[in-house]
Amino acid sequence: MEKLRQELKGVGLTLPSLRVDPVSCAGNEPAPLVDLGRCTVDTALRLSAVPARTGNREAGHDE
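Attention here is on the structure that accompanies the text. (Residues numbered from 1 in each chain as written. Predicted model: local features only at pLDDT ≥ 70, side-chain atom pairs only at ≥ 80, totals over all residues. Heavy atoms only, no water.)

Some details on the overall build of the protein
Across its full length, the protein carries two helices and two strands. In sequence order, the protein lays out its α and β elements as α-β-β-α. Within the protein, the fraction of its 63 residues that count as buried is 11%. By sequence separation, contacts in the protein at least 24 residues apart represent 29% of the contacts at least 6 residues apart. (Helix = DSSP H or I, 4+ residues; strand = E, 2+ residues; numbered from the N terminus. Buried < 20%, exposed > 50% of the residue type's maximum accessible area, 1.4 Å probe, protein only. Contact = heavy atoms within 4.5 Å.)

Focus on the pattern of salt bridges
Taken as a whole, this structure holds three salt bridges when the rule is applied. With a shortest N-O distance of 3.3 Å, Lys3 and Glu7 are connected by a salt bridge. Of the two residues, Lys3 and Glu7 are both situated in helix 1 (residues 2-10); the distance of four residues between them amounts to about one turn of the helix. The partly exposed category is assigned to Glu7, whose relative accessible area is 48%. The shortest N-O distance in the salt bridge between Arg19 and Asp35 comes to 3.4 Å. With Arg19 in strand 1 (residues 19-20) and Asp35 in strand 2 (residues 34-35), this pair connects stretches of sequence that are 16 residues apart. (Salt bridge = Lys/Arg side-chain N within 4 Å of Asp/Glu carboxyl O.)

Points about the side chain of Asp21
Within the secondary structure, Asp21 sits in the loop between strand 1 and strand 2. Of the side chains with opposite charge, Arg19 comes closest to the buried, unpaired Asp21, at an N-O distance of 4.2 Å. (Lys, Arg positive; Asp, Glu negative; His and termini not counted.)

Thoughts on the side chain of Ser24
Of note, Ser24 is situated in the loop between strand 1 and strand 2. On the basis of relative accessible area, Ser24 is assigned to the buried category, the value being 10%. Polar side-chain contacts of Ser24 include one of 2.7 Å to the backbone oxygen of Asp21. Apart from residues no more than four positions distant in its own chain, Ser24 is found in contact with Pro30, Ala31, Pro32 and Leu33. (Polar contact = N/O pair within 3.5 Å; in protein donor to acceptor, adjacent residues only side chain to side chain.)

Quick look at the structure:
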């Protein structure tokens, strides 16, 4: 999560609600999830442009 926060910060993006989901860490076999939370429409549009700019799309994960 911190790596993602720093990488996004490096390109001028902030996801204010970025955090580890505490519920996913509970139980006998925790499976932590990163909650990307909420962001502004401007941030969402800027994030959506990243794959097109970098040409970095993994098979099956381009939508």
